[in-house]
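Secondary and tertiary structure notes
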Amino acid sequence: MLYVNGQWIESQSKQTFSVYNPANGEEIEQVADGNKEDVKAAIQAAKEAFRSWSRFTAYERSQYLYRAYELMIERKEELARLMTIEQGKPLKAARNEVQYAADFLQWYAEEAKRVYGETIPAPRRDQRFMVLRQPIGVVGAITPWNYPVSMITRKVAPAIAAGCTIVLKPAEQTPLCAREVFKVFADAKIPEGVVNLISTSNPAEIGTELIENPDVKKITFTGSTEVGKRIAEQAARHVKRVSMELGGHAPFIVYGDADPVHAAKGVALVKFLNTGQACISPNRIFVHRSIAEEFTSTLISRVKKLKAGNGLDDGISIGPLVDAAAVDKVDQQVRDAVAKGACAEAGGERLTGEGLDKGTYYAPTILSGVTKDMKIYREETFGPVAPIILFDSEEEVMEMANDTNYGLAAYVYTKDLSKAMNALEQLNFGIVGINDINPTAAAAPFGGMNESGLGREGGKEGIHEYLETKLAGFSI
Ligand code: NAD
């Protein structure tokens, strides 16, 4: 069903499309296939709702967000189970994601009340300046499948906290999670038209209307750099505001003074999270030559213990990849690397056999001997492959780490404060984890440099993406 103007409705075309479980290839359900007419109606509803919602006090808007937070926490288990069935990640990781998603509702319930303006000293004696921050208007949001609940609240919570209204298009692989999140909004009694959901199997049709409709004042997108560029180009023709959370190619740097066992455990945890389908997943693991042996053998023993399977089963840490195309892409990168001289120290193949045959599984893989001429050195993998590259000097590793068009996350392991500080200052990445594999939280600004994006989500920065600055000059 689509959620438009506070109503659950079918698509005007009455068309539906199938959603599949990647663990076994079975159809889960048919969902409404929204089209251009549906999204136009949603934009119109959001435009009408903006008139009143933008005039609610911040305290009033905050109360709706608190209520949504509480409902999401109450429904954590059912949301997490649905996420595992629809997206594939193991249940424990799905529960963590629901908590992360709810955190944005709570954080922006609080930030709604902190949208401060300014007064500025004026050059004339009879003049006064005041700066207002006002909601931008109707927002068009497009979200990916890999974090199908939290990527929604990371946009909706700050947008509606700021006083904007929103029309959201979720990824075609995960519309059921989106529907359950919008049920939370509906049950929190967020007024009609403030939040609207259009699921579709035709993202370009809906995306184009969101970008070209003059009533939509801002586009916020999370997804691949390729699609993000296309959307930014289209939006530029209308001088439409955009925020972009795009792909990544994170370096994970392990200096010679670091504890190689501790660092290898860190890589084993962060690299295989969500089966490698994360924008902040390490994609190049730079290890100082002096500790490479101990690091690699620890990583191999850890990775060999990872169990693949249906995320609803106990003890599973590797779920399926989202679809067959994702398995092909990972396999091609691995084959290309091996053909050019890399060695598969673990994995390196699709996973088949009992319980895995009907799903889209790839073995957790470690590649050693990775070099610059391999595809994996430059292309985002979005799968469970850990490519190891050796280095000798600090200078060399900084150069290699920054040798990418991306700039989202980077990780550094060292006990040496000077090395850590040098790396922090030199790395051209929006997020740097220093001996920390999870440098994210609702309260912290998340986003990338270079082709990894524009703008930030989360933190106090996140709400500013949905505000315009207005200057008032008074002559008194
Ligand atoms: P994708 O770009 O294929 O799809 C993302 C969204 O864009 C989906 O909703 C999709 O339906 C929509 N879309 C696709 N073509 C479109 C078009 N022509 N017009 C409008 N919308 C269109 O990416 P994906 O494979 O779903 O997601 C994985 C990517 O997302 C990875 O590159 C990952 O790094 C990135 N990602 C980034 C962040 C971040 O915060 N930086 C977070 C999660 C994922």
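For the structure, check the block above.
Quick caveat: nothing in here was measured; it's all calculated off a predicted structure. (Residues numbered from 1 in each chain as written. Predicted model: local features only at pLDDT ≥ 70, side-chain atom pairs only at ≥ 80, totals over all residues. Heavy atoms only, no water.)

Let us now look at the overall build of the protein. Counting its regular elements, the protein contains 15 helices and 20 strands. Along the three orthogonal principal directions, the C-alpha set of the protein runs to about 70 × 60 × 40 Å. In the protein, the proportion of contacts linking residues at least 24 apart, taken out of those at least 6 apart, comes to 73%. Here the protein has roughly 19,800 Å² of accessible surface; of this, 50% comes from carbon and sulfur atoms. Taken together, the 54 basic and 62 acidic charged side chains of the protein have centroids lying 5 Å from each other. (Helix = DSSP H or I, 4+ residues; strand = E, 2+ residues; numbered from the N terminus. Contact = heavy atoms within 4.5 Å. Areas by Shrake-Rupley, 256 points an atom, 1.4 Å probe, with all protein chains shown as cover. Lys, Arg positive; Asp, Glu negative; His and termini not counted. Charge placed at Lys NZ, Arg CZ, Asp CG, Glu CD.)

Turning our attention to the packing of helix α2 (residues 58-74) against helix α6 (residues 175-187). In contact at an axis separation of 8 Å, α2 and α6 are set at 130° when each is read in the N-to-C sense. Comparing the axis directions of α2 and α6 gives the class oblique. Note that α2 runs across α6; the crossing there is right-handed. Contact residues: Ala68, Leu71 and Met72 in α2; Val181, Val184, Phe185 and Asp187 in α6. Of the residues that constitute the contact of α2 with α6, the class distribution is six nonpolar, no polar and one charged. (Axes fitted to C-alpha atoms, helices over the stretch in contact; angles between N-to-C directions. Parallel < 35°, antiparallel > 145°, perpendicular 65-115°, else oblique. Left-handed = near helix turned anticlockwise from the far one by under 90°. Nonpolar A, V, L, I, M, F, W, Y, C, P; charged D, E, K, R; others polar.)

So, about unusual backbone geometry. For Asn274, which is not glycine, the phi dihedral falls at a positive 55°. Position of Asn274 among the secondary structure elements: in the loop between α9 (260-271) and β13 (282-288). You can call Asn274 buried: its relative accessible area is 5%. The phi dihedral of Phe382 falls on the positive side, at around 55°, and the residue is not glycine. Summarising the element assignment, Phe382 is placed in the loop between α12 (375-378) and β16 (385-391). (Buried < 20%, exposed > 50% of the residue type's maximum accessible area, 1.4 Å probe, protein only.)

Pairing in this open sheet of seven strands is mixed, and the strands run β14-β15-β16-β13-β12-β17-β18 from one edge to the other. Taken across any chain shown, the strands that pair with only one partner, and hence form the sheet edges, are β14 (343-346) and β18 (431-434). The mean inter-strand angle of the sheet, taken between neighbouring strand axes irrespective of direction, is 25°. With four bridges connecting them, β13 and β16 associate as parallel partners. Directly across from Phe286, in β16, lies its bridge partner Ile389. Helix-sheet contacts for α9 involve β12 (250-254), β13, β16 and β17 (409-413), and the interaxial angle to β12 is about 165°. (Pairing = 2+ DSSP bridges.)

Met72, Ile160, Phe185, Val195, Val254, Phe295 and Leu299 are the most contacted members of the largest nonpolar core, which has 93 residues in total. The dominant element in this core, judged by the number of residues it contributes, is helix α4 (residues 91-111), at ten residues. Residues contacting Met72, with those up to four places away along its chain left out, are Leu79, Val98, Ala101, Ala102, Leu105, Val149, Thr153, Val181 and Val184. Among the nonpolar cores identified, the runner-up in size contains 33 residues, and Ile253, Phe286, Ala342 and Ile376 belong to it. (Core = buried A, V, L, I, M, F, W, Y, C linked by side-chain atoms within 4.5 Å.)

With that settled, the discussion passes to the site of the ligand. Around the ligand sit 30 residues, and of these Thr143, Arg154, Glu172, Ser224 and Glu380 come closest. Note that an oxygen atom of the ligand is positioned 2.9 Å from one of the side-chain N or O atoms of Lys169. In the environment of the ligand, an oxygen atom lies 2.6 Å from a nitrogen or oxygen atom belonging to the side chain of Glu172. Breaking the shell around the ligand down by element, the ones donating at least two residues are α5 (150-162), α7 (203-212), β10 (216-222) and α8 (225-236). Tallied by class, residues from the shell around the ligand come to 16 nonpolar, eight polar and six charged. (Near = heavy atom within 4 Å. Polar contact = N/O pair within 3.5 Å; in protein donor to acceptor, adjacent residues only side chain to side chain.)

As paired elements, β17 and β18 share four bridges and run parallel to each other. Bridge pairing in β18 places Val412 opposite Ile434. For the crossover from β17 across helix α14 (residues 417-426) to β18, the handedness is right-handed. (Right-handed = clockwise from strand over helix to strand, strands pointing away.)

Before going further, it helps to examine the sheet that holds strand β20 (residues 467-475). Reading across from one edge, β5-β6-β20 is the order of the three strands in this open sheet, with antiparallel pairing throughout. Every interior strand has two partners, whereas the edge strands, β5 (118-120) and β20, have only one. Strand-to-strand twist of the sheet, defined as the mean angle between neighbouring strand axes without regard to direction, takes the value 25°. As judged from the nine bridges shared by strand β6 (residues 127-135) and β20, these two strands associate in the antiparallel manner. Pairing of Val131 across the sheet is with Leu471, part of β20.

Here we come to α9. A rise of 1.5 Å per residue sets the reference length of α9, with its twelve residues, at 16 Å; its end C-alpha atoms lie 16 Å apart and thus fit the reference within 8%. If you check which residues of α9 are buried, you get Pro260, Ala263, Ala264, Gly266, Val267, Ala268, Val270 and Lys271. Residues of α9 that are buried sit in contact with β12, β13, α10 (292-304), β16 and β17. Sitting at the head of α9, Asp259 places a side-chain oxygen 2.9 Å from the backbone nitrogen of Val261. (Expected span 1.5 Å × (residues − 1).)

The next point concerns the pairing of β17. With respect to burial, β17 is a largely interior element, five of its five residues being buried. Alternating residues of β17 divide into Ala409, Tyr411 and Tyr413 and Ala410 and Val412, and every residue in both groups is buried. In the sheet, β12 pairs with β17 via three bridges, with the strands oriented parallel. Directly across from Ile253, in β17, lies its bridge partner Val412.

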